[in-house]
Amino acid sequence: MRRIYLAGPPFAEEYRRRASELVSARGCEPVDPMRRDFRGNTVGNEAEIVQGDLEEIASCDAVLADFTAPDEGTAMEAWHAHSLGKPVIVYTGGTPPHPWTVYVADEVHAVLEDAVASVAR
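Residues numbered from 1 in each chain as written. Predicted model: local features only at pLDDT ≥ 70, side-chain atom pairs only at ≥ 80, totals over all residues. Heavy atoms only, no water.

Among the five residues in strand β1 (residues 3-7), four count as buried, and that is most of the element. Sheet topology places β1 next to strand β2 (residues 29-31); three bridges connect them, and they run parallel. Residue pairing for β2: R3 is matched across the bridge by E29. Regarding topology, helix α1 (residues 13-25) serves as the crossover connection from β1 to the parallel β2, and that connection is right-handed. (Buried < 20%, exposed > 50% of the residue type's maximum accessible area, 1.4 Å probe, protein only. Helix = DSSP H or I, 4+ residues; strand = E, 2+ residues; numbered from the N terminus. Pairing = 2+ DSSP bridges. Right-handed = clockwise from strand over helix to strand, strands pointing away.)

As structure tokens, this is what we get:
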């Protein structure tokens, strides 16, 4: 079963919910780093947060990244996946992608369903 890491801003609950449902419906396992929820408690836990993200990205087959709004954590996750040779599929929601986003992405999609279809292949 393909494991798909769900990169995105910390408060993107609707994206995470929808992406998890769509990824699961395609027979893949969504890996949501926010299940290790450090919101409001990041100070002093930075190494644990980042190390956990890095390990999960390495254990996944691909990354689905929500770039509907700028987020430095999502950008770092996408860059790390790209540097490991993992496919990075970007969902923009119609927001014009930044050149760096396009550079690290294998594909860019405005529609979440299209992005999930691509990452699940």
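Take the side chain of T92 next. Among the structural elements, T92 can be located in the loop between β4 (88-91) and α4 (99-104). Classification of T92 as buried rests on a relative accessible area of 5%.

In this section: the packing of α1 against helix α5 (residues 112-119). At a minimum axis distance of 10 Å, the contact between α1 and α5 shows a crossing angle of 45 degrees. Viewed along their axes, α1 and α5 adopt a mutual orientation that is oblique. Once α1 is placed against α5, the crossing between them reads as right-handed. Facing α1, whose interface residues are Y15, R18, A19, L22 and V23, α5 presents L112, E113 and V116. A breakdown of the residues in the contact of α1 with α5 according to their chemical character gives six nonpolar, no polar and two charged. (Axes fitted to C-alpha atoms, helices over the stretch in contact; angles between N-to-C directions. Parallel < 35°, antiparallel > 145°, perpendicular 65-115°, else oblique. Left-handed = near helix turned anticlockwise from the far one by under 90°. Contact = heavy atoms within 4.5 Å. Nonpolar A, V, L, I, M, F, W, Y, C, P; charged D, E, K, R; others polar.)

Now for the state of the cysteines. Tallied over the full model, the rule gives zero disulfides. Of all cysteine sulfurs in the structure, the one in C60 sits closest to C28, which takes part in no disulfide; the separation is 11 Å. (Disulfide = S-S within 2.5 Å.)

This brings us to a nonpolar patch on the surface. A contiguous nonpolar patch, built from W79, W100 and Y103 and spanning about 410 Å² of accessible area, is present on the exposed surface. Structurally, the position occupied by Y103 is in helix α4. By relative accessible area, Y103 is classed as exposed at 54%. (Patch = residues over 30% accessible without salt bridge, like charges linked within 9 Å, V, L, I, M, F, W, Y side chains within 5 Å. Areas by Shrake-Rupley, 256 points an atom, 1.4 Å probe, with all protein chains shown as cover. Salt bridge = Lys/Arg side-chain N within 4 Å of Asp/Glu carboxyl O.)

This part covers the nonpolar core. Counting residues in hydrophobic clusters, the biggest one holds 16 residues, and the most contacted among them are I4, L6, Y15, A19, V23, L64 and L112. Per-element accounting of this core gives the leading share, four residues, to α5. Among all residues touching V23, those that are not within four sequence positions of it are I4, L6, C28, E29, P30, L64 and V116. (Core = buried A, V, L, I, M, F, W, Y, C linked by side-chain atoms within 4.5 Å.)

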